[in-house]
Amino acid sequence: MSNTRTLRRTVLCMALGLGLASLAVPAAFAGNNDGSVVGHAQPGAVITAVNPATGLTRTITADQRGNYRFPFLPVGDYTLSASKDGQPLGQPHTVTVSLGNATTLDLAATPNATELSTIHVVGTGLPVIDVTSTESATNVSRAELVRLPVDQNVTSVALLAPGVVKGNAAFGGISFGGSSIAENAFYVNGLNVTDFYNRNGFSEAPFAFYDQFQVKTGGYSVEFGRTTGGVVNAVARSGTNELKGGVEITLEPGNWHSRADDQYDADGHRYLTASRDQGSLVKTNVWASGPIVKDKLFMFAMYEARGSSPRNTNNAGTTLTSNNADTGFWGTTIDWNITDSNVLQLMAFSDKNKNTGDVYSYDFDTNTIGTKTNKVFTDTGGKDWALTWTSYLTNDLSMKLMYGRNEREAFTRSQLDLNCNYVSANNAFLQIHNPGVQLGCTSSSTVYERNDIRKQARADFEWTLGDHLLRFGYDHENDTSDYNRHYAGPGAYYYNLYAASAGSTISNGGVVPAGYDAYIRARRYEISGTFTTKNAAYYIEDNWQVTPNLVLNAGVRNDSFDNQDAAGKSYIKMSRQIAPRLGFSWDVKGDGSTKIFGNLGRYFLPVANVINIKQAGGLLDERTYYAFDGWDYQTLNGVQYAIPKLGPQIGAVDNSQGDGTVGDLRSEVDHDMDPVYQDEAILGFQQLISSQWSWGASATYRRLHNAIDDMEISATAQCGENGYIGWVMANPGKKVTVWGDTNCDGTADGYLTVDTSKEGWAMYDADGNYLGQRGWVKPKRTYAAVELQLNRAWDEKWSMNASYTMSWNRGNAEGPVNSDTDFDDTGRTENFDDPWVNLGGDGYLPNDRRHQFKLRGNYALTPHWQLGADMNVASGGPITGFGVGNPYDATNYHSYFICVQNCDAPASEDRVYERSPRGKYGRMPWTFTLNAGLSYIQPFDGGEFRVKLAVYNLLNQKHTTAVDQDLQTSISNSTSDTFRQPLGFQSPRFTQLTMSINF
């Protein structure tokens, strides 16, 4: 109820703002693939903006107060001039339009003036303070990246922004402002290229294709949605009237890479083999740009051939895989200035990649490569394109229409898929049962094929009404996944091996028989079908210039999500997701030198396609447990391998998470489910210190509301333990309305409501006696941070950007993935499977980094030699000791409790537990990464030759970034010997040589 009242008050405030009118300069906001210019001139003056490189000319007339605005300008340098009654006002001047920003330029206000009165942002060498923006964003241009030692990928660019950290799980990713890695959005020229299957990743063009990046860390406008993390917004390079071209070669020889370290346990057993891993990379990029028709039609095109041949061993050091990638990346943009008021642009690129991995037997001790045993094929990526039409409809009304397509393929298969099951063992198991040969006869676990296609259309408008700038628009996406997956080998089984003492209770409730110290999980996991999600949103925003120095920004976004099953029926459908956002920017001195800004906003997160597929697609997830009865040694292709012998079956077959059929979806999804959303508040300050220096400070608070996750509802208020419903996608800790048994006759016959904050889970003791019901705790996540920044703009001599972020990321739910347990099925985490997984789980979350220091800069030693550096220092994340049992019933799964006494007792009520809260076992070490670069630049007539030698992780730091956090893996009197064992590390030092010639 309190959230509803808050929302109503916010909407009322926005309505008041939309209804007010005055006569001052409209605020300056820019779209997601362009920028804008705004300012003052003499009333009625004719303002002309010309891009000398393309001939693009736009002309508007200042209003009765002298205010003017050029929206939707392609990024680049422009010459602005003003005239009235045919007479020039002042001198023309050059301004730079950057991605997503507003350039403020005040032209002469009197007829006899000969100079510009005030210039806030002119040229490329001054620090930028956009006094009309209320968001937190970091802009990085291609020119800056050429000077810096930043690795050639979008993730490395995003990590330059304050508060952005690397994900610490095996599935990687980046975290913005305490969010999980599955909550971000990525755009290229307005096209959303985010992975919508599980939201971990994005389509990525060759690095040389990009012109500018904008990393939005908070406070972004209602134009952007479907994210509770951050936004990486990029724009591609374009052609001009000048014919240009170039060649760039990037070399990373294998012997320029430092080797990773092998890892050994306390008994001297090697559990991670990494020292023989080696990679090499050669990239050749050729590009050309220029006019097709001067001042009208332009082209930019590039092709990048990439030779990549990494080789790596498995953890045991018994196999070696030699990879060879066939990657021919290409990209193009075509810009057509149809008229001065209409521009059409086509952007297209391909990130398709085909990799073949030849798998060999390998003897680590003798460093001998043996017989080829398998060949693994992996296809990824796809083609992406967007067509955008920008039009100045009138002096005050502009429009931008875009339609695009984003493709992502993931196809993995191997030559042994029919004959060989995959076998995996954790380190605790291998300490007592190491076979001395490779496990199983294949290195490929899954036959996996997925094709994701996004069809996206959007329309954006800007309408100037006096001192109000109205921005409004609509966007729509059809996100379709064609999916097929099963495990390799006979029966399609995947064998996992675990150590466990006799008498201990494992996750399906079975007990390890006497005489055995390990068990096997044989798992089948199969699903296929075509699944679509339809996302749509309307937005409107009023940017009101209350006074010449004060901007108020009030907007609202209405999102809807429709996740459908394989038959095209709505599975999860949510509409009217109202996201209000309110901000202000105060130009304190009125000259663009000092700015105070702030904003309040709500952001919604859609449901990933993985949910449609695995909850509404006939998933078979069958798990059968056996005692480990030793090894069966066999030979294939001359290579000996071991497969486990299945002993007595332990407990019943568990197919509770999917029996291969699509049931009544009314009983598998909450009828009245609420969406996941986050509220954010930011207050900030920016100030120019001098013509080169600026500094800023800001404070951010974020709070995530709700989770959508799978819960096993095994009891109801009406029927107690006889009211079993099953696995339901719902909001944990809230009332859930679902189809079930209303009169306790064993037949589902109507909708009923389960208050999962206090009921829904049937509790049993070890003898199967019903103990009553339990509810779930509500998900919580907060992020609070203070950021400080200091900048010095490049002046052909040196530049510097420094930031410090102190933050606190707390709660009991990281988000739709769990990085501390490496669980990346977005929205299907184990966090809420039963009430005990999250009970007592409040604390510092995996992405909590209390301190972050970032420093980057360049220094020109001479006109031909430049030094560059990029440093990132961060404190480590928390370490938790997870258990599996709990002091309330006989359930065995993930928990924040450790059994410490009578753990083998047959009655669960005789066992003694103690709480093991988040972060109890300290933190991982600080990480320190220093990248350094040295560049040689030699201009020549019409071009430039440049060589850059960059060394990443110069000091070869190898600190631990992830550890084993399972303190107990079964209910027993012992703890895991591998707890806190290091599993993830900083990437070792590597060197990159880039040579380019541009003409």
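Below or above, wherever it landed, is the structure these notes cover. From a predicted model like this one, the values you see are computed outputs, not experimental measurements.

**Some words on the sheet that holds strand β3 (residues 57-61)**
Here's step 1: Pairing within the open sheet is antiparallel, and its 4 strands lie in the order β3-β2-β5-β6. With partners counted over all chains shown, the strands left at the sheet margins are β3 and β6 (87-97), one partner each. Neighbour-to-neighbour, the strand axes of this sheet turn through a mean angle of 20°, independent of strand direction.
Here's step 2: Here strand β2 (residues 46-50) runs beside β3; their pairing, made up of 5 bridges, is antiparallel. Bridge pairing in β3 links V50 to T57.

**Section: the side chain of T390**
Here's step 1: Residue placement: T390 occurs in strand β26 (residues 383-392).
Here's step 2: Not counting chain neighbours up to four residues away, the residues in contact with T390 comprise R58, F72, S341, N342, V343, M399 and K400.

**So, the sheet that holds strand β15 (residues 231-236)**
Here's step 1: Ordered in space as β9-β14-β15-β12-β13, the 5 strands form an open sheet in which the pairing is mixed. Whereas interior strands pair on both sides, the edge strands pair on one side only; in this sheet they are β9 (136-141) and β13 (191-192).
Here's step 2: With 4 bridges connecting them, strand β12 (residues 185-188) and β15 associate as parallel partners. Across the sheet, residue V188 finds its bridge partner in β15, namely A234.

**Considerations on the state of the cysteines**
Here's step 1: The final tally for this structure, using the stated rule, is 3 disulfides.
Here's step 2: Across the disulfide from C420 sits C441; the S-S distance is 2.0 Å. Residues C420 and C441 are joined by a disulfide whose S-S torsion is about -120°; by sign, that bridge is left-handed. Within this pair, whereas C420 is found in the loop between β27 (397-414) and β28 (422-425), its partner C441 is found in the loop between β29 (438-439) and β30 (446-465), the two being separated by 21 residues in sequence.

**Here's the deal with a nonpolar patch on the surface**
Here's step 1: Taken together, Y859, L861, W865, L867 and L934 make up a surface patch of nonpolar side chains, about 430 Å² in accessible area.
Here's step 2: If you trace the backbone, Y859 turns up in strand β50 (residues 851-860).
Here's step 3: Its relative accessible area of 37% is what places Y859 among the partly exposed residues.

**Quick notes on the pairing of strand β16 (residues 244-252)**
Residues in a regular strand point their side chains to alternate faces of the sheet.
Here's step 1: Direction of pairing for β16 relative to strand β19 (residues 281-293): antiparallel, over a ladder of 9 bridges. Counted as the bridge partner of T250 is K283 from β19.

**A closer look at the nonpolar core**
Here's step 1: Core analysis: the largest hydrophobic core is formed by 35 residues, its most contacted members being L145, F209, Y210, F213 and M347.
Here's step 2: Among the secondary structure elements, those contributing two or more residues to this core are α3 (154-158), β11 (174-176), β12, β14 (210-218), β15, β20 (297-308) and β23 (342-350).
Here's step 3: Not counting chain neighbours up to four residues away, the residues in contact with L145 comprise V140, V150, V157, L160, F207, F213 and K948.
Here's step 4: Judged by nonpolar contacts, the second largest core, of 27 residues, contains Y525, F531, L605 and I611.

**Description of unusual backbone geometry**
Leave glycine aside and you will find that most residues have negative phi; peptide bonds, for their part, are mostly trans.
Here's step 1: Of note, R199 is a non-glycine position whose phi angle comes to about 65°, a positive value.
Here's step 2: Within the secondary structure, R199 is located in the loop between β13 and β14.
Here's step 3: Even without a glycine there, the phi angle at C744 is positive, about 65°.
Here's step 4: Within the secondary structure layout, C744 lies in the loop between β43 (735-740) and β44 (750-755).

**Points about the pairing of strand β48 (residues 798-811)**
Here's step 1: Note: strand β47 (residues 781-792) against β48, 12 bridges, orientation antiparallel. Along β48, the bridge assignment pairs E787 with T805.
Here's step 2: Between β47 and the antiparallel strand that follows it, β48, lie 5 residues; E796 among them carries a positive phi value of about 70°.
Here's step 3: Relative to β50, β48 is paired through 9 bridges, and the arrangement is antiparallel. When the bridges of β50 are listed, Y804 appears paired with F853.

**With respect to the pattern of salt bridges**
Close approach of charged atoms lets side chains of opposite charge pair.
Here's step 1: Per the counting criterion, the structure on display carries 46 salt bridges.
Here's step 2: As a salt-bridge pair, R226 and D475 come within 2.7 Å of each other at their nearest N and O atoms. With R226 in the loop between β14 and β15 and D475 in strand β31 (residues 468-487), this pair connects stretches of sequence that are 249 residues apart.
Here's step 3: What makes R226 buried here is its relative accessible area of 5%.
Here's step 4: The closest approach of N and O atoms between R828 and D825, which form a salt bridge, is 3.4 Å. The two residues R828 and D825 agree in class, both being buried.

**With respect to the side chain of D335**
Here's step 1: Within the fold, D335 resides in strand β22 (residues 319-339).
Here's step 2: No salt bridge is formed by the buried D335; the nearest opposite charge belongs to R58, separated by 9.5 Å.
Here's step 3: Polar contacts involving the side chain of D335 include one to the side chain of Q345, which spans 2.8 Å.

**Observations concerning the packing of aromatic side chains**
Here's step 1: One pass over the structure, following the stated rule, counts 37 aromatic pairs.
Here's step 2: Judged by centre distance (6.0 Å) and plane angle (25°), the ring pair of F207 and F213 falls under stacked. This pair shows no difference in class: F207 is buried, exactly as F213 is.
Here's step 3: Ring-pair connections join several aromatic residues into one group, and the members of that group are F207, F209, Y210, F213, W287, F300 and F349.

**Topic: the environment of L80**
Here's step 1: Among the secondary structure elements, L80 is positioned in strand β5 (residues 76-84).
Here's step 2: The exposure class assigned to L80 is buried, which follows from its relative accessible area of 0%.
Here's step 3: If sequence neighbours within four positions are ignored, L80 has contacts with V37, I47, T48, A49, Y68, F70, Q91, P92, H93, V95 and L105.

**Comments concerning the environment of V46**
Here's step 1: Mapped onto the elements of the fold, V46 is located in strand β2.
Here's step 2: Residue V46 is classed as partly exposed on the basis of its relative accessible area, which comes to 31%.
Here's step 3: Separated by 15 residues in the primary sequence, V46 and T61 place their C-alpha atoms 4.5 Å from one another.
Here's step 4: In contact with V46, other than residues within four places in its own chain, are T59, I60, T61, S81, A82 and S83.

About the thresholds
Residues numbered from 1 in each chain as written. Predicted model: local features only at pLDDT ≥ 70, side-chain atom pairs only at ≥ 80, totals over all residues. Heavy atoms only, no water. Pairing = 2+ DSSP bridges. Helix = DSSP H or I, 4+ residues; strand = E, 2+ residues; numbered from the N terminus. Axes fitted to C-alpha atoms, helices over the stretch in contact; angles between N-to-C directions. Contact = heavy atoms within 4.5 Å. Disulfide = S-S within 2.5 Å. Patch = residues over 30% accessible without salt bridge, like charges linked within 9 Å, V, L, I, M, F, W, Y side chains within 5 Å. Areas by Shrake-Rupley, 256 points an atom, 1.4 Å probe, with all protein chains shown as cover. Salt bridge = Lys/Arg side-chain N within 4 Å of Asp/Glu carboxyl O. Buried < 20%, exposed > 50% of the residue type's maximum accessible area, 1.4 Å probe, protein only. Core = buried A, V, L, I, M, F, W, Y, C linked by side-chain atoms within 4.5 Å. Lys, Arg positive; Asp, Glu negative; His and termini not counted. Polar contact = N/O pair within 3.5 Å; in protein donor to acceptor, adjacent residues only side chain to side chain. Phe/Tyr/Trp six-rings, centres within 6.5 Å; stacked < 30°, edge-to-face > 60°.

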